[in-house]
Amino acid sequence: MYMENRSYFKISKYDELEYYDRLLNQYLNNLYGVGLDREDYKDISKIVRELDKIRSSAYWNWFDYVRHNKYLLDKDYVVFGKDLKEEYIKIRDSRKEYLDEVESVRGHFEKILELIRKSIKPDNIEDYLQEECSITHLVFTNNTYPKIKLYSNDGFMFLCHFHNERTPSMGVVNSRNYGMCYGCGHSFRCVDYIEKVEGLSHRGTVSLLARVYMVDIKDSVIGEDSELVQRYRSSLLSDEFRELLERGYERTSKREDSVTKSLALAKFERDFATIDRIRRGECVEFDEEKDKEKKLLLQI
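In this text the structure is predicted, and so the values were computed from the model without any measurement. (Residues numbered from 1 in each chain as written. Predicted model: local features only at pLDDT ≥ 70, side-chain atom pairs only at ≥ 80, totals over all residues. Heavy atoms only, no water.)

### Quick word on the overall build of the chain
Of regular secondary structure, the chain possesses 10 helices and seven strands. By the burial criterion, 47% of the 300 residues in the chain qualify as buried. A sequence separation of at least 24 residues applies to 66% of the contacts in the chain between residues at least 6 apart. Just so you have it, the chain exposes about 16100 Å², and 48% of that area is on carbon and sulfur atoms. (Helix = DSSP H or I, 4+ residues; strand = E, 2+ residues; numbered from the N terminus. Buried < 20%, exposed > 50% of the residue type's maximum accessible area, 1.4 Å probe, protein only. Contact = heavy atoms within 4.5 Å. Areas by Shrake-Rupley, 256 points an atom, 1.4 Å probe, with all protein chains shown as cover.)

### So, the pattern of salt bridges
Across all of its chains, the model carries 18 salt bridges by this definition. Across the pair D100 and K96 runs a salt bridge whose closest N-O atoms are separated by 3.0 Å. Pair noted here: D100 and K96 are both in helix α3 (residues 81-119), with a separation of four residues, about one helical turn. Residue classification places D100 among the partly exposed positions, given a relative accessible area of 42%. On the accessibility criterion, K96 (35% relative accessible area) is partly exposed. Among the ionic pairs, R176 bridges to E103, the shortest N-O distance being 2.6 Å. With R176 in the loop between β3 (170-173) and β4 (178-181) and E103 in helix α3, this pair connects stretches of sequence that are 73 residues apart. Accessibility expressed as a relative area gives 15% for R176, which makes it buried. With a relative accessible area of 16%, E103 lands in the buried category. (Salt bridge = Lys/Arg side-chain N within 4 Å of Asp/Glu carboxyl O.)

### A few points about the confidence of the model for the chain
Here the chain averages 84 in pLDDT, while 87% of its residues score no lower than 70. Scored below 50 in pLDDT, residues 1-12 shows 28 contacts in the model against residues more than four places distant or in partner chains. (pLDDT = per-residue confidence, 0-100.)

### Considering a positive patch on the surface
Where like charges cluster on the molecular surface, the positive patch consists of K147, K149, R247 and R251. Among the secondary structure elements, R247 is positioned in helix α9 (residues 239-253). (Patch = residues over 30% accessible without salt bridge, like charges linked within 9 Å, V, L, I, M, F, W, Y side chains within 5 Å. Lys, Arg positive; Asp, Glu negative; His and termini not counted. Charge placed at Lys NZ, Arg CZ, Asp CG, Glu CD.)

### Details of the packing of helix α7 (residues 202-212) against helix α8 (residues 227-236)
Here α7 crosses α8 at 45°, and the two axes come no closer than 9 Å. Relative to α8, the element α7 is oriented oblique. In the crossing of α7 with α8, the sense of the turn from one axis to the other is right-handed. Residues L208, R211 and V212 of α7 touch α8, and the partners they reach there are L228, V229, Y232, R233 and L236. Here the residues of the contact of α7 with α8 are counted per class, giving six nonpolar, no polar and two charged. (Axes fitted to C-alpha atoms, helices over the stretch in contact; angles between N-to-C directions. Parallel < 35°, antiparallel > 145°, perpendicular 65-115°, else oblique. Left-handed = near helix turned anticlockwise from the far one by under 90°. Nonpolar A, V, L, I, M, F, W, Y, C, P; charged D, E, K, R; others polar.)

### With respect to the sheet that holds β4
In spatial order, the strands read β1-β2-β3-β4-β5; together these five strands make up an open sheet with antiparallel pairing. For this open sheet the edge positions go to β1 (149-152) and β5 (187-188), each flanked by a neighbour on one side alone. Each of β1 and β2 (155-158) touches α9; the most contacted strand, β1, lies at about 35° to it. (Pairing = 2+ DSSP bridges.)

### Observations regarding the packing of aromatic side chains
Scanning the model with the defined rule gives nine aromatic pairs in all. When the centroid spacing of 6.1 Å and the interplanar angle of 90° are considered together, the rings of F162 and Y193 count as edge-to-face. Of this pair, F162 sits in the loop between β2 and β3 while Y193 is found in helix α6 (residues 190-198), placing the two residues 31 residues apart along the sequence. The class of Y193 is buried, set by a relative accessible area of 0%. Grouping aromatic residues by their ring pairs yields a cluster made of F162, F188 and Y193. (Phe/Tyr/Trp six-rings, centres within 6.5 Å; stacked < 30°, edge-to-face > 60°.)

### A closer look at α9
The end-to-end C-alpha distance of α9, which contains 15 residues, comes to 21 Å, matching closely the 21 Å that a straight helix rising 1.5 Å per residue would cover. Three or more residues of α9 are buried, namely F241, L244, L245, G248 and T252. Relative to the axis of α9, the buried residues are bounded by an arc of 95° and lie together on one face. Turned more than 90 degrees away from the buried face of α9 sit D239 and E240, all of them exposed. Looking at the buried side of α9, the elements it contacts are α5 (135-141), β1, β2, α8 and α10 (259-279). (Expected span 1.5 Å × (residues − 1). Arc of directions from axis to C-beta.)

### Digging into the packing of helix α4 (residues 125-132) against α7
Interhelical geometry of α4 versus α7 gives an angle of 45° and a closest axis separation of 10 Å. The angle between α4 and α7 falls in the class oblique. Where α4 crosses over α7, the two elements pack in a sense that is left-handed. Contact with α4, carried on its side by I125, E126 and L129, involves H202, V206, L209 and A210 of α7 and no other residues of that element. Residue classes in the contact of α4 with α7 are distributed as five nonpolar, one polar and one charged.

### A few points about the environment of Y193
It is 8.2 Å that separates the C-alpha atoms of Y193 and L138, two residues lying 55 residues apart in sequence. Setting aside its immediate chain neighbours within four residues, Y193 contacts I135, L138, V139, N142, H161, F162 and F188. Engagement of the side chain of Y193 in a polar contact is seen with the side chain of H161, the distance being 2.7 Å. (Polar contact = N/O pair within 3.5 Å; in protein donor to acceptor, adjacent residues only side chain to side chain.)

Shown next, in the form of structure tokens:
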């Protein structure tokens, strides 16, 4: 027997993390110096998505490593003895530490996005809908599994909609408005999820989401009385969906204070506010020109 030794975490990974850490410091300096605008929002959004991919890859590598080598912690396992066990624990812990560092950097970038989001609206309808819509709601609408489980404080586990399975393996993280199947590896956000699941064109997807979330846009190709619109909106306003969000909110609120916790709670609160707005029948207008030249500048 030998310990599985795959070079998942090379020094280049840490160099990469240092690169994002330097970027974070630059954006923080600009936030308190010259200010941040819509273009910065776009760039930071891309960085967050890149860090999501890095984290997902690192998580699976760490999980795979632990799965292949956990026998080393067995008290009855004596081949090669103590040295191998200590090596395994050291590598396992260093990989977990790397995951935590990625999560920390990502959380601070997301916090900057949250600050910009509160004062500057996106300049195109797709980005606006990615923020306004809830991936948890969209997946919930198509759920066929009898019980939805929380697999993290603000994450929910569903049956995958992209491959056949009996046990749920598709995780949706509410605070990130992002989902990924841990079985087939398919990842998605709001717009591409609807495109894939409903087989709609990009324009049709934007029109559907705008109708469901009562966002006024020009030249919609889907009518208000569409069966798809009614199905997604009724699930959004259902007691079952609100109870699901409340479960996630309650569990998240019990965590230790952190950037990640505050962001997760803020997203739940935005979801509740959106549901209440739609219940009141209030539409929102999307104006591409609004906030075009606006900057977010914080005072020290």
